[in-house]
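Next come the chains, spelled out residue by residue.
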Amino acid sequence: MERSFWSWVRRRLFSKETATYCVFLLIAAVLWLMYTIGSQREIERTVAVTYWGIPDDVYLNGKLPDQITFTVRDEGNELSSFLFAEFDTIEIDLSAQFRHKNSRKKEIRIDYKPYVEELVIPISSTSTVTNVNPSTITYTYGHVYTRRVPVRFSVEPVVDPQYALLREIRITPNEVLIRGERKAIDSVKCIYVDSLPGMLCRNEVIECALLKPNSAVELLTKRVSIDVAVERVTEKNFRLPIEVVGVDGIRVKLFPETANVIFAVGLSRYYDVDAKDFRVVFDYSTRDEERKTVRLNLQTNSDLDGIRYKIEPEEVEYITEQ
């Protein structure tokens, strides 16, 4: 069975019909190659465009295109170079067009064809750029007011209870430029970051959008980076005597006389938290006369940023003695 199959394959491969088909295919390929090499043809490509040199206080009356399409004409063999060519982004410097600020004719004009020709010549010196879309644009412009304002969180970020911040959350950039009419931008005190997704529980850099304060103000920076550094927390607690303050010639008896302070502290700061640096204070001037209780508070000269704590009990009962 196997021998007969391969015998059939050999007969088909070397048959007269197969040979005739291959000859016709070869002739067609040669004719197509001769046609493409000896004739003028066109190919259309698209390239990205970026602009710089536009002052922050300038407002254009139209949107600059971020890509343009162009057509190249040449013989077929030359055009094949453009089929798989990867073009660099065209960068257009507009700074010279804004230098004469006192000019009455406030407009810019961009001719894209010379920039396209600079891309085409290194690939083929014989190719001709026959069409560019858009070919030229002309926009008028005006001046607006600008102001730099700080970036703030609209809602305080929430850290997962099992973690603590290693350092303050960093916003980059922490200031952004806004522009618009003077009255509109003067009313803006800060720009808010859109809310962070969920609770913070790992080291990461989060890209966040900025909230536009109103329709009359334009943000020149649309997004910021939020750099978060956290670490696992552990518990540390001290039983401390309660200190009475705010009494004048009155003896106060507390129930109880000590309190337990429980800290949720990051592993790297565990040994920074020492009992001698803290005082649990009973301030008699804040007493609740009806309930005969005072809420306790913690006082310290240490840095408590990123350290969560609670006092047990939160408030104590008291009696006074003359």
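Figured I'd write up the structure that's included with this text.

Definitions and limits used
- Residues numbered from 1 in each chain as written.
- Predicted model: local features only at pLDDT ≥ 70, side-chain atom pairs only at ≥ 80, totals over all residues.
- Heavy atoms only, no water.
- Buried < 20%, exposed > 50% of the residue type's maximum accessible area, 1.4 Å probe, protein only.
- Helix = DSSP H or I, 4+ residues; strand = E, 2+ residues; numbered from the N terminus.
- Arc of directions from axis to C-beta.
- Core = buried A, V, L, I, M, F, W, Y, C linked by side-chain atoms within 4.5 Å.
- Contact = heavy atoms within 4.5 Å.
- Phe/Tyr/Trp six-rings, centres within 6.5 Å; stacked < 30°, edge-to-face > 60°.
- Lys NZ or Arg CZ within 6 Å of the ring centre and 35° of its normal.
- Pairing = 2+ DSSP bridges.
- Axes fitted to C-alpha atoms, helices over the stretch in contact; angles between N-to-C directions.
- Lys, Arg positive; Asp, Glu negative; His and termini not counted.
- Salt bridge = Lys/Arg side-chain N within 4 Å of Asp/Glu carboxyl O.

### Overview of helix 3 (residues 76-83)
Within helix 3, the full set of buried residues consists of Gly76, Leu79 and Phe82. Projected onto a plane normal to the axis of helix 3, the buried residues spread over an arc of 95 degrees and lie on a single side.

### Observations regarding the nonpolar core
Ranked by internal contacts, the top residues of the largest apolar core, which has 29 residues, are Leu64 and Tyr112. Among the elements that line this core, the one with the most residues is strand 1 (residues 40-52), at 4 residues. Apart from the residues lying within four places of it in its own chain, the contact partners of Leu64 are Tyr51, Ile54, Leu94, Ile108, Ile110, Ile137 and Tyr139. Core analysis: the second largest hydrophobic core is formed by 25 residues, Ile178, Ile191, Val217 and Ile226 among them.

### Side note on the packing of aromatic side chains
Evaluated as defined, the whole model comprises 8 aromatic pairs. Between Phe238 and Phe263, the ring centres sit 5.8 Å apart and the planes meet at 65 degrees, which makes this aromatic pair edge-to-face. Of this pair, Phe238 sits in strand 16 (residues 230-245) while Phe263 sits in strand 18 (residues 258-266), and the two are 25 residues apart along the sequence. Summarising the burial analysis for this pair, Phe238 and Phe263 share the class buried. The interplanar angle of 75 degrees and the centroid separation of 5.8 Å between the aromatic rings of Phe282 and Tyr318 together place this pair among those described as edge-to-face. Residue Phe282 is located in strand 19 (residues 278-283), and its partner Tyr318 is located in strand 23 (residues 315-321); the two are separated by 36 residues in the primary sequence. A single burial state applies to Phe282 and to Tyr318, both of which are buried. Ring pairs connect the aromatic residues Phe238, Phe263, Phe278 and Tyr309, which therefore count as one cluster. In this structure, Lys236 is placed above the aromatic ring of Tyr270, and the distance from its NZ or CZ to the ring centre is 4.3 Å. Here the basic side chain of Arg287 rests over the ring of Tyr284, its NZ or CZ set 4.1 Å away from the ring centre.

### Notes on the sheet that holds strand 10 (residues 170-172)
Sheet architecture is open: 3 strands sit in the order 10-15-13, paired in antiparallel fashion. Pairing within the sheet leaves two strands with one partner each, and these edge strands are strand 10 and strand 13 (204-209). Direction aside, neighbouring strands of the sheet carry axes that sit 25 degrees apart on average.

### Comments concerning unusual backbone geometry
Residue Pro173 is reached from Thr172 by a cis peptide bond, and omega for that bond is -10 degrees. Its place among the elements puts Pro173 in the loop between strand 10 and strand 11 (175-180). With omega at 0 degrees, the peptide bond leading from Phe255 into Pro256 counts as cis. Residue position: Pro256 is located in the loop between strand 17 (251-255) and strand 18. The phi dihedral of Lys292 falls on the positive side, at around 55 degrees, and the residue is not glycine.

### Let's talk about the side chain of Asp160
Counting through the fold element by element, Asp160 comes out in the loop between strand 8 (145-153) and strand 9 (163-165). Although Asp160 lies buried, it forms no salt bridge, and the closest oppositely charged side chain, Arg232, sits 6.6 Å away as judged by the N-O distance. Residues within four places of Asp160 in sequence aside, it is in contact with Met199, Leu200, Cys201 and Arg308.

### A look at the pattern of salt bridges
Throughout the structure, instances matching the rule amount to 13 salt bridges. Here Arg279 makes a salt bridge to Glu243, at a shortest N to O gap of 3.0 Å. Remark: Glu243 occurs in strand 16 and Arg279 occurs in strand 19; sequence separation between them is 36 residues. Classification of Glu243 as partly exposed rests on a relative accessible area of 33%. Across the salt bridge formed by Arg291 and Asp288, the nearest N and O atoms sit 3.8 Å from each other. Owing to a relative accessible area of 28%, Asp288 belongs among the partly exposed residues under this scheme. Residues joined by salt bridges that share partners form a network here, namely Arg287, Glu289 and Lys292.

### Overview of the sheet that holds strand 3 (residues 67-75)
Taken together, the 4 strands give an open sheet; going across it, the order is 4-1-3-6, and neighbouring strands pair in mixed fashion. Across the chains shown, the open sheet's two edge strands, defined by having one partner strand only, are strand 4 (90-93) and strand 6 (128-133). Pairwise comparison of adjacent strand axes, ignoring direction, gives a mean angle of 35 degrees for this sheet. In the sheet, strand 1 pairs with strand 3 via 9 bridges, with the strands oriented antiparallel. Residue pairing across strands places Arg45 opposite Phe70, the latter belonging to strand 3.

### Points about the environment of Ile206
Mapped onto the elements, Ile206 comes out in strand 13. The class for Ile206 is buried, based on a relative accessible area of 12%. On a C-alpha basis, the gap between Ile206 and Val228 in space is 7.9 Å, while along the polypeptide they are 22 residues apart. Beyond its immediate stretch of four places on either side in the chain, Ile206 contacts Leu196, Pro197, Leu200, Val224, Ser225, Ile226 and Val228.

Worth remembering: the numbers are spatial, not functional.
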